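What follows is each chain in one-letter form.
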Amino acid sequence: MKRIWVLVAAFAVSLAFLSCGSTKSVQESKFHGEEPEMAASKRTIIDYQGAEFGSAVPQWVVDLSAGQYSESALTKTMPDLKGKKIFVTIANGDNLEFVRQWTDLVQVETEVASSLERVAAKAVEARMSGDGSQEGTEVKDKQSIEQALNMYRTSLTSVRFSGLEKTAQYWTLSQRVDGKKQPVGEPYYTYYAVWTMEKDLFESQLNTAIKNIDETSTEAKELKAIVRQKLSQELSVSSNVEEIKAEAEAYIVNSK
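Everything quoted here is computed from the prediction, not taken from an experiment. (Residues numbered from 1 in each chain as written. Predicted model: local features only at pLDDT ≥ 70, side-chain atom pairs only at ≥ 80, totals over all residues. Heavy atoms only, no water.)

Enquirer: Help me understand the overall build of the protein chain, please; the structure alone is not making it clear to me.
Expert: When helices and strands are counted, the protein chain shows nine helices and five strands. Going from N to C terminus, the protein chain has its helices and strands arranged as α-β-α-α-β-α-α-α-β-β-α-α-β-α. For the protein chain, buried positions account for 39% of its 256 residues. Counting only contacts in the protein chain whose residues sit at least 6 apart along the sequence, the fraction spanning at least 24 positions is 76%. Element-wise, carbon and sulfur atoms account for 53% of the exposed surface of the protein chain, whose accessible area totals about 15800 Å². (Helix = DSSP H or I, 4+ residues; strand = E, 2+ residues; numbered from the N terminus. Buried < 20%, exposed > 50% of the residue type's maximum accessible area, 1.4 Å probe, protein only. Contact = heavy atoms within 4.5 Å. Areas by Shrake-Rupley, 256 points an atom, 1.4 Å probe, with all protein chains shown as cover.)

Structure follows, in structure tokens:
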């Protein structure tokens, strides 16, 4: 019986050593299994404006599709736009005429006012939330933020921006494919349009829109200057795709 217990103890000890050795070998091993093949999809262009002539996709379209929503980026490839206020409309859909009509027939002036209002609201909230969190006056700041937001919303949506002209337009047809290059879903069109306005005309209309914004305090005056700079110096993007709209507005608000 004593011999049996000795054998059992020896077996247990050997298992412990094997376990330790196994753990160590796994941790120190430089060999890894192959990564599993991911089925993530990506977009592939299957047709585009001018493809029949062998034309390349314009760089300004490539920049916008890559999320480069800034006047400096756009004017590098479209130098004629320098000195003008720039607005961009982007529409997605499964029918070219639908996206073209959404971009061309949409009330651009209304879209411009709405996009400016959204950018102003995000800039106000970002600025005032940051100040409030540092001062530790959260309840008071929430009230003041809402008051400021309402002022900017009312001011910017009540003014109709006029004088816009379409400068450029372009469309692409793309398809999502998986890791094995198999189609995912249906192909869809993306239609881009660039609109411009004389800078002096825009500045005049912007001044009219925000002239009644409160600047009785130093903080309100500084906030108004920051918001006005954002609206004046960055291009405005409107889209029938919420993700594009949100991405563009975040880009503008966070730009230096």
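Further notes follow.
Enquirer: Help me out: how do you make sense of the pattern of salt bridges in this one?
Expert: Where charged atoms from two side chains of opposite charge come close, those side chains can pair. For the structure on display, the rule yields nine salt bridges. For E117, the salt bridge identified is with R153, shortest N-O distance 3.4 Å. Of this pair, E117 sits in helix α5 (residues 108-135) while R153 is found in helix α6 (residues 138-157), placing the two residues 36 residues apart along the sequence. Since its relative accessible area comes to 32%, R153 is described here as partly exposed. Between K245 and E242 there is a salt bridge whose closest N-O contact spans 3.2 Å. With a gap of three residues between them, K245 and E242 both fall in helix α9 (residues 242-254), about one helical turn apart. Taking the relative accessible area as the measure of exposure, K245 reaches 13% and is therefore buried. (Salt bridge = Lys/Arg side-chain N within 4 Å of Asp/Glu carboxyl O.)

Enquirer: Help me out: how do you make sense of the sheet that holds strand β4 (residues 183-198) in this one?
Expert: In any sheet, the strands associate via hydrogen bonds between backbone groups, in a parallel or an antiparallel arrangement. Overall, mixed pairing links the five strands, which are arranged β1-β3-β4-β2-β5 in an open sheet. Of all strands in the sheet, those bounded by a partner on one side alone are β1 (42-48) and β5 (236-239). Going from strand to strand, the sheet's axes swing by 30° on average, the running direction of each strand aside. The sheet contact formed by strand β3 (residues 165-177) and β4 spans 11 bridges and is antiparallel. By the bridge assignment for β4, Q169 is matched with A193. Sitting on the sheet, helix α7 (residues 199-210) is in contact with β2 (84-93) and β4, with an inclination near 90° to β4. (Pairing = 2+ DSSP bridges. Axes fitted to C-alpha atoms, helices over the stretch in contact; angles between N-to-C directions.)

Enquirer: Explanation requested: the packing of aromatic side chains in the structure shown.
Expert: Aromatic ring pairs are defined here through the distance separating the ring centres and the angle between the ring planes. For the coordinates displayed, the defined rule picks out four aromatic pairs. When the centroid spacing of 5.7 Å and the interplanar angle of 65° are considered together, the rings of W171 and Y189 count as edge-to-face. Note that W171 is positioned in strand β3 and Y189 in strand β4, a separation of 18 residues in sequence. On the basis of relative accessible area, Y189 is assigned to the buried category, the value being 19%. An aromatic cluster of three or more residues is present, and its members are F87, F161 and F202. In this structure, K85 is placed above the aromatic ring of F87, and the distance from its NZ or CZ to the ring centre is 5.7 Å. (Phe/Tyr/Trp six-rings, centres within 6.5 Å; stacked < 30°, edge-to-face > 60°. Lys NZ or Arg CZ within 6 Å of the ring centre and 35° of its normal.)

Enquirer: Just checking my understanding: could you explain the packing of α7 against helix α8 (residues 218-233) for this structure?
Expert: Two numbers describe a pair of packed helices, the interaxial angle and the distance between the axes. Look at α7 against α8: their axes get within 11 Å of each other, and the N-to-C directions meet at 145°. In the packing of α7 onto α8, the handedness of the crossing is right-handed. On α8, the residues that touch K199, F202, E203, L206, N207 and I210 of α7 are K224, R228, L231 and S232. Looking at the contact of α7 with α8, its residues break down into four nonpolar, two polar and four charged. (Left-handed = near helix turned anticlockwise from the far one by under 90°. Nonpolar A, V, L, I, M, F, W, Y, C, P; charged D, E, K, R; others polar.)

Enquirer: Which parts of the structure should I look at to understand α8?
Expert: Along an α-helix, a turn takes 3.6 residues, which lines up residues three or four apart on a common side. Taking 1.5 Å per residue as the helical rise, α8 with its 16 residues ought to reach 22 Å, and the 22 Å between its terminal C-alpha atoms agrees with that figure. The set of residues buried in α8 consists of A220, L223, K224, V227, K230, L231 and S232. (Expected span 1.5 Å × (residues − 1).)

Enquirer: What is the right way to look at the environment of L206 in this model?
Expert: Tracing the backbone shows L206 in helix α7. Overall, the relative accessible area of 0% leaves L206 in the buried class. When the C-alpha positions of L206 and L231 are compared, they lie 8.4 Å apart, and in sequence the two are 25 residues distant. Here L206 is in contact with L156, F161, R228, L231 and S232, once residues within four sequence places are set aside.

Enquirer: Explain the environment of A51 to me, please; I cannot follow it from the model alone.
Expert: For A51, the location among the structural elements is in the loop between β1 and α2 (59-65). Each C-alpha atom of the pair A51 and T172 lies 9.7 Å from the other, and the pair is 121 residues apart in sequence.

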